[in-house]
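Observations on the three-dimensional arrangement
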Amino acid sequence: MRIGFCGGAGEVGASCILLNIDGKNIVLDCGIRMANSKENLPDLGMIQENGGVDAIIVSHAHMDHTGSLPVLSREYPEAKIYMTHATKDLVRVLLYDSLKIMEYREAEIPVFAEVHVKNMLDRILCFSPGYTFQPLDNITVTFYNASHIAGAAAIYISGK
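Keep in mind that what you see is a predicted model, and the values were worked out from it rather than measured.

Conventions used here
- Residues numbered from 1 in each chain as written.
- Predicted model: local features only at pLDDT ≥ 70, side-chain atom pairs only at ≥ 80, totals over all residues.
- Heavy atoms only, no water.
- Helix = DSSP H or I, 4+ residues; strand = E, 2+ residues; numbered from the N terminus.
- Rg over C-alpha atoms; globule rule 2.2 N^0.38 Å.
- Phe/Tyr/Trp six-rings, centres within 6.5 Å; stacked < 30°, edge-to-face > 60°.
- Buried < 20%, exposed > 50% of the residue type's maximum accessible area, 1.4 Å probe, protein only.
- Salt bridge = Lys/Arg side-chain N within 4 Å of Asp/Glu carboxyl O.
- Polar contact = N/O pair within 3.5 Å; in protein donor to acceptor, adjacent residues only side chain to side chain.
- Contact = heavy atoms within 4.5 Å.
- Pairing = 2+ DSSP bridges.
- Axes fitted to C-alpha atoms, helices over the stretch in contact; angles between N-to-C directions.

Topic: the overall build of the protein
- The helix and strand inventory of the protein stands at five helices and nine strands.
- For the protein, the sequential pattern of α-helices and β-strands runs β-β-β-α-β-α-α-β-α-α-β-β-β-β.
- By the compact-globule yardstick of 15 Å for 160 residues, the protein fits well, its C-alpha radius of gyration being 15 Å.
- Judged by the C-alpha coordinates and their principal axes, the protein covers about 50 × 30 × 30 Å.

A short note on the packing of aromatic side chains
- Within this structure, the stated rule accounts for five aromatic pairs.
- Both rings, one in tyrosine 82 and one in phenylalanine 133, keep their centres 5.3 Å apart while their planes meet at 25°; by these two values the pair is stacked. Remark: phenylalanine 133 occurs in strand β7 (residues 132-136) and tyrosine 82 occurs in strand β5 (residues 80-83); sequence separation between them is 51 residues.
- Classification of tyrosine 82 as buried rests on a relative accessible area of 6%.
- A centroid spacing of 4.0 Å and a plane angle of 5° characterise the contact between phenylalanine 127 and phenylalanine 133, whose relative ring orientation is stacked. You'll find phenylalanine 127 and phenylalanine 133 in the same group, each marked buried.

Observations concerning the pattern of salt bridges
- Enumeration over the complete set of coordinates arrives at four salt bridges.
- Between glutamate 75 and arginine 74 there is a salt bridge, and its shortest N-O distance comes to 3.7 Å.
- Taking relative accessible area as the criterion, glutamate 75 reaches 48% and is therefore assigned partly exposed.
- Residue arginine 74 is classed as partly exposed on the basis of its relative accessible area, which comes to 36%.

Topic: the side chain of histidine 116
- Position of histidine 116 relative to the elements: it lies in helix α5 (residues 114-122).
- At a separation of 3.5 Å, a polar atom in the side chain of histidine 116 contacts the side chain of arginine 74.
- What histidine 116 contacts, discounting residues up to four positions off in sequence, is Pro70 and Arg74.

Observations concerning the sheet that holds strand β9 (residues 153-158)
- In space, the three strands of this open sheet follow the order β7-β8-β9, with antiparallel pairing throughout. Two strands lie at the open edges of the sheet, namely β7 and β9, each paired on one side alone. Ignoring which end each strand starts from, the neighbouring axes of this sheet average 35° apart.

Okay, structure coming up:
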């Protein structure tokens, strides 16, 4: 097992962890930096350098954990995205709100477009806390209530 931080380590925002387990790459969260910085996204190049993404698992809907999902999903359209039902509902609202905010920031290039949000939402599979599912061969995931915000989940992952 290998763990790499593409963002969020030592900073607030752009939370994104690359986990390699049993030869599969799982991305845990993919947020955006909320502060004004020239790079809002996590280091997605690190993901590419390590072979891409097989699955994406989201802990909760806050933008520092989900704000870059449309970008990652656009780059890896075959990777399914896993989260709780409530998280998906909140992610939908927050990402569409982000589109409106990006519209008003004329000096900045938008990070993603509405089509990217729609396509990403179509790739989401939802599971309830306490239910164990298998996103990839020989890898199981269980969500547990995290009580951070509605739908937040602690994520338990096991492999061979």
